[in-house]
Amino acid sequence: MFSVSLIYDGEDIANGTIDVRDLAPSLLALADLVDNTAALALQDAPRYSLRVKSDFRTGSFEVGLELARLYQQLVSLFSTQDAQAISSIFQILGISGVFGLLQLVRKSKGRKPTKITIERTERVSITFEGEEPDSVPVSVLHLFKSFNARKAIERLVDPLNRDGVDILKFRANNEDSFVVKKD
């Protein structure tokens, strides 16, 4: 099973607590983003769910997350098909350390691409004004254009608009794989 942590950090949550009104919408947004990604990238795959893993520590607010099939009791999660599907979802989102949707949204700075070039049937090159092109899977481009995915990302980073919450990051394999700072 692929595990990742969602971490919020800052002065007001250094004691390991966060207002549930900030955290709950963010977790729901991430679940929506995973659902959108799975539906796009894995059309014939079974439904996956994002599950919170309890292992809370003080110093920041870290939520352990696991992506699991809903009928995991019946099927081994470590089968090749499941491992590839779970890996694909986190890669497309950019949570696993590869350039994905989250990195593309950050790089866009709210701008529309100036050029999109099909490289191969499964990859495209996206260019923003004044930037070097980035090669991404077609699924990342589809999510980038998706209103629902963009709104989910907006809700995910919304706690950074609160005083005392300065950092949002994902950690995969004990390494920070994506970091957003308030500035």
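Look up a bit, the structure's there.
What you are looking at is a predicted structure, and each value in this text was computed from that prediction instead of being measured.

A. The arrangement of the overall build of the protein in detail. Helix and strand counts for the protein stand at 5 helices and 8 strands. For the protein, the N- to C-terminal ordering of α and β elements is β-α-β-β-α-α-β-β-β-α-α-β-β. Across the 183 residues that make up the protein, the buried fraction comes to 44%. Within the protein, counting contacts between residues at least 6 apart in sequence, those at least 24 apart form 55% of the total. Summed over all atoms, the accessible surface of the protein reaches about 10100 Å², with 49% contributed by carbon and sulfur.

B. Broad picture of the nonpolar core. In this structure, Tyr-8, Leu-101 and Phe-170 are the most contacted members of the largest nonpolar core, which totals 42 residues. What Leu-101 contacts, discounting residues up to four positions off in sequence, is Leu-33, Ile-92, Leu-93, Gly-94, Val-140, Leu-143, Phe-144, Ala-149 and Ile-153.

C. Inspection of the pattern of salt bridges at higher detail. Tallied over the full model, the rule gives 10 salt bridges. Between Arg-21 and Asp-19 there is a salt bridge, and its shortest N-O distance comes to 3.6 Å. One salt bridge in this structure joins Glu-154 and Lys-151, with 3.1 Å as the shortest N-O distance. In this pair, Glu-154 and Lys-151 are both assigned in helix α5 (residues 147-157), 3 residues apart and thus about one turn of the helix distant. With a relative accessible area of 48%, Glu-154 lands in the partly exposed category. Judged by relative accessible area, which is 32%, Lys-151 ranks as partly exposed. Through salt bridges with shared partners, one network takes in Asp-22, Asp-158 and Arg-162.

D. Molecular detail of the packing of aromatic side chains. Under the definition given, this model contains 1 aromatic pair. Judged by centre distance (6.0 Å) and plane angle (65°), the ring pair of Phe-128 and Phe-144 falls under edge-to-face. Taken together, the residues span a long stretch of sequence, with Phe-128 in the loop between β5 (123-127) and β6 (134-137) and Phe-144 in helix α4 (residues 138-145) at a distance of 16 residues. Its relative accessible area of 6% is what places Phe-144 among the buried residues. The ring of Phe-144 carries the charged tip of Arg-150 above its face, separated from the ring centre by 4.5 Å.

E. Focus on the pairing of strand β4 (residues 115-120). Bridging between β4 and β5 involves 5 bridges; their strand directions are antiparallel. When the sheet's bridge partners are listed, Arg-120 is paired in β5 with Arg-123. Hairpin connection from β4 to β5: 2 residues lie between these consecutive antiparallel strands.

F. Geometry of the sheet that holds β6. Across the sheet, 3 strands lie side by side as β4-β5-β6; this open sheet has antiparallel pairing. Two strands lie at the open edges of the sheet, namely β4 and β6, each paired on one side alone. Averaged over all adjacent pairs, the angle separating strand axes in this sheet is 30°, with direction ignored. Where α4 meets the sheet, it contacts β4, β5 and β6, and its direction lies at approximately 90° from that of β6.

G. A look at the environment of Glu-119. Relative to the helices and strands, Glu-119 is located in strand β4. It is 9.7 Å that separates the C-alpha atoms of Glu-119 and Pro-137, two residues lying 18 residues apart in sequence. For Glu-119, the residues in contact, after removing those within four places along its chain, are Val-124, Ser-125 and Ser-135.

Basis of the calculations
Residues numbered from 1 in each chain as written. Predicted model: local features only at pLDDT ≥ 70, side-chain atom pairs only at ≥ 80, totals over all residues. Heavy atoms only, no water. Helix = DSSP H or I, 4+ residues; strand = E, 2+ residues; numbered from the N terminus. Buried < 20%, exposed > 50% of the residue type's maximum accessible area, 1.4 Å probe, protein only. Contact = heavy atoms within 4.5 Å. Areas by Shrake-Rupley, 256 points an atom, 1.4 Å probe, with all protein chains shown as cover. Core = buried A, V, L, I, M, F, W, Y, C linked by side-chain atoms within 4.5 Å. Salt bridge = Lys/Arg side-chain N within 4 Å of Asp/Glu carboxyl O. Phe/Tyr/Trp six-rings, centres within 6.5 Å; stacked < 30°, edge-to-face > 60°. Lys NZ or Arg CZ within 6 Å of the ring centre and 35° of its normal. Pairing = 2+ DSSP bridges. Axes fitted to C-alpha atoms, helices over the stretch in contact; angles between N-to-C directions.

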